Structures are given as structure tokens and as C-alpha cells.
Amino acid sequence: MQLQDKVVIVTGAATHIGQAYAVRLAQEGAKVVACDILDCGTTAEMVMEAGGEVLPLITDVTKEEDTLKMARQTVERFGRIDCIVNNAGIFDGLTARPMMDVDMAEWDRVYEVNVKGMFLCCRAVFPYMKEQGGGKIINIGSGIWLQGMPGVPHYVSSKAAVMGLTRTLAKELGQFNINVNTLAPGGTDSGAKIDRGDDAPVSPTRAGRSIPRTETPDDLTGTMVFLASTDSDFITGQMITINGGDALY
Ligand SMILES: NC(=O)c1ccc[n+]([C@@H]2O[C@H](COP(=O)([O-])OP(=O)(O)OC[C@H]3O[C@@H](n4cnc5c(N)ncnc54)[C@H](O)[C@@H]3O)[C@@H](O)[C@H]2O)c1
């Protein structure tokens, strides 16, 4: 067990990939705080079945008061915050559209959750990590901005912003022994998906995966554990792309 008694917050933990992170964390001995705008009851049951301790919370990452409460309740229950996995995002249910048809309210919501929400969560845990002498922040990005993908410019550019945020915070927080890295999944068979309507723009070229199989949430959890563990103590400001050799950079 690589994370015995570590206290790890996972946002967006009610479903899909976030749920897989929460369960794997429990398998590695971590105490898990499962946060989502949706109920995390099922995730909590899965964590307990895996032998873990869990605190499920309703948290809207776009509301600062929710993120502060998330951090405070974590410390009240488990005494510290060793790591946060900033996984919450607007992804499932987005519809790929021609650029001129992108809904600007949807654009704002994508940025509010994927970028501002992530920043608010980083700010909420920072004082506790600083006080305890260090911590790990894992921002969930995507490999999609390395290639570009027409149809969801808000989503793609928001994930590029995640990397800018990671590098900026890594530079500021390294002095406090806080590592900030991006874990960037490729297109993952998680149950969530971007809908492609008939008029969705198509990429002119698309390279295939070097490892020609479907990517699953289980492909992601090992790297998440590595970034949460002491094995990655001198790695910060980096992006690890997990895509079976799709986008190469
Ligand atoms: N599935 C993929 O192919 C893929 C690829 C690259 C990156 N990602 C990223 O991985 C993460 C998880 O993806 P997923 O496939 O499980 O998609 P998903 O859309 O099912 O997961 C997002 C989770 O975030 C939660 N969420 C949304 N708004 C929230 C808010 N305001 N506050 C708190 N929680 C909120 C949702 O309820 C959901 O549980 C996302 O950040 C996504 O962008 C996914």
C-alpha cells in the first residue's frame, strides 16, 4: 500500500473516473474525501467495500464557500490534507458543435468549473498543506489540447488552462513543499462522453494510438497514486499524459 493513512480529497468523485480514483485510493490505504455536486453515496459504499474510510461531501467547486467547507471538514474528520485530486469537470454531455454554434453560457460554465473551480480548490487546501509542511495537488487535465479537437473549443482550451495553472502554482508553492502536477488522460471509456451531432466538425487528420486498445479508468489510477505518493516528491509543474501513445509530445 503506497498511501497508507494519507488523506486525499477527490473532486468529481460521484461518477466515472473520479469514482475509480476514490476506490483505488482506498485500496492503497488512503482516507478518502469524496466530493461532488452530485451525491457520492455509491462511491462511499465502494470505498468502504475496498476497506477504506470515506467522507462523502456535496461540494460545488465553483462556490468558494463550498471549497472552504470541503477543506475544513476534511481536517475536522481526518486531521490533515495530504493530497487533492482536482478531477471535477464539465465533460459528460457536452455536444460538439461548429464554432459559431457554441453556446456562450455553456462556455462560461465550462471555464467556471474546469478552471476557476480547480483554482478555488487549490486555494482551499493550500493553508492546511502549508501549515503541515507539504502536500500534493493533482490537477486533472486532458491530452486533447495537444492535438486540438474541433467542436468543443471551450473544453479543449479549458484543459490547456489547467496546465498553465499547474505550472504557475508549482512555481509558487514549491517553497512550501507542495507539488502541483497535471494528470492528462486521453479519450477514456469512462461512461461519460462528448456527443457528436451530425453537424459536428471533424478533425482533418487523427493519428491512431500506439497501443491500439480502449483506454479505461484503470489505466489512469496508477499514475494518480504515483503523483500522490512520496515516489514523486521531486516532480512538480509537470504533465503526465496517459493515452496509449496517441498525442506524442
Ligand atoms: N472521459 C474522458 O475521455 C476524459 C479524457 C480526458 C480528461 N477527462 C477529465 O477527467 C475528469 C473526469 O472525467 P469523466 O470521464 O469521469 O467525466 P464526468 O463528466 O462524468 O466527470 C466529471 C465529474 O465532475 C462532477 N462535477 C461537475 N461539475 C461539478 C461542480 N461544479 N462541482 C463538483 N463536481 C462537479 C460531475 O458531477 C462528475 O461526477 C474530467 O475533469 C474530464 O475533463 C476525461
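For the structure itself, consult the block above.
About the cut-offs
Every chain begins its residue count from 1, and numbering advances along the sequence as written. The predicted nature of this model means local features are confined to residues of pLDDT at least 70 and side-chain atom pairs, given and counted, to a pLDDT of 80 or more, with totals for whole chains, interfaces and linings taken over all residues. As a convention, hydrogens and water are excluded, and side-chain values are obtained from all of the structure's heavy atoms. Put plainly, a pocket is an open set of points on a 1 Å grid over the protein atoms alone with protein on both sides within 12 Å along at least five of seven lines, a cavity is a set where a 1.4 Å probe fits but cannot get out, and a lining residue has an atom within 4 Å of a point. Grid points are joined across faces, edges and corners, and a volume is the space filled by probe spheres set on the points. Residues are grouped as follows: nonpolar covers Ala, Val, Leu, Ile, Met, Phe, Trp, Tyr, Cys and Pro; charged covers Asp, Glu, Lys and Arg; every other residue, Gly included, is treated as polar. Each residue is tested against the molecule or strand, and it is near if at least one of its non-hydrogen atoms lies within 4 Å. Each polar contact in these results corresponds to two N or O atoms within 3.5 Å; when the atoms are within protein, one needs to be able to donate a hydrogen and the other to accept it, and residues that are neighboring in sequence are counted only if both atoms are side-chain atoms. The accessible surface values rely on the Shrake-Rupley method and a 1.4 Å probe; as for residues, cover is taken only from the protein chains in view. Secondary structure elements are defined from DSSP: runs of H or I of at least 4 residues count as helices, runs of E of at least 2 residues count as strands, and each element is numbered from the N terminus. Here a Phe, Tyr or Trp ring, Trp counted by its six-membered ring, pairs with any other such ring whose centre lies within 6.5 Å, and the pair is stacked when the planes are under 30 degrees apart, edge-to-face when over 60, and tilted otherwise. Burial classification: accessible surface area is computed with a 1.4 Å probe over protein chains only, and a residue below 20% of its type maximum counts as buried, one above 50% as exposed, and the rest as partly exposed. Should any heavy atoms of two residues lie within 4.5 Å, those residues are considered in contact. What counts as a salt bridge is simple: a side-chain nitrogen of Lys or Arg found within 4 Å of a carboxyl oxygen of Asp or Glu.

1. What to know about the layout of surface pockets
Where empty space is left in the structure can be found by rolling a water-sized probe over the atoms.
So, point 1. Counted as a void, the second largest pocket has a volume near 220 Å³.
So, point 2. Along the wall of the second largest pocket there are 14 residues; nearest its centre are K6, G134, G135, K136 and D233.
So, point 3. Of the residues that constitute the lining of the second largest pocket, the class distribution is one nonpolar, eight polar and five charged.

2. Concerning the site of the ligand
So, point 1. In the vicinity of the ligand there are 28 residues, among which H16, D36, Y155, T188 and S190 approach most closely.
So, point 2. Contact between the ligand and T59: a nitrogen atom at 3.4 Å from a main-chain N or O atom of the residue.
So, point 3. Its free accessible area being 820 Å², the ligand has 95% of it covered by the protein chains.
So, point 4. Taken together, the elements giving at least two residues each to the shell around the ligand come down to helix 1 (16–27), helix 4 (104–132) and helix 6 (153–173).
So, point 5. Tallied by class, the residues present in the shell around the ligand amount to 11 nonpolar, 12 polar and five charged.

3. Notes on the packing of aromatic side chains
The description of an aromatic ring pair rests on the distance of the ring centres and on the angle between the ring planes.
So, point 1. Tallied over the full model, the rule gives three aromatic pairs.
So, point 2. A ring pair is formed by F91 and Y155, whose centres lie 5.2 Å apart and whose planes are at 50°; its orientation type is tilted. Taken as a pair, F91 in the loop between strand 4 (83–86) and strand 5 (95–96) and Y155 in helix 6 lie far apart in primary sequence, 64 residues in all.
So, point 3. On the basis of relative accessibility, which here comes to 7%, the residue Y155 falls in the buried class.

4. Quick notes on the environment of L94
So, point 1. Checked against the element boundaries, L94 lands in the loop between strand 4 and strand 5.
So, point 2. Contacts of L94, omitting those with residues within four sequence positions, involve E106, V110, V152, H154, Y155, K193, I194 and D195.

5. Examining the pattern of salt bridges
So, point 1. With the rule as written, the count across this model stands at 11 salt bridges.
So, point 2. A salt bridge links E28 to R24; the shortest N-O distance between them is 3.0 Å.
So, point 3. For E28, a relative accessible area of 10% translates into the label buried.
So, point 4. What makes R24 partly exposed here is its relative accessible area of 22%.
So, point 5. Note that E64 is salt-bridged to R123, the shortest N-O span being 3.4 Å. Here R123 lies in helix 4 and E64 lies in helix 3 (residues 64–78), a separation of 59 residues in the sequence.
So, point 6. What makes E64 partly exposed here is its relative accessible area of 34%.

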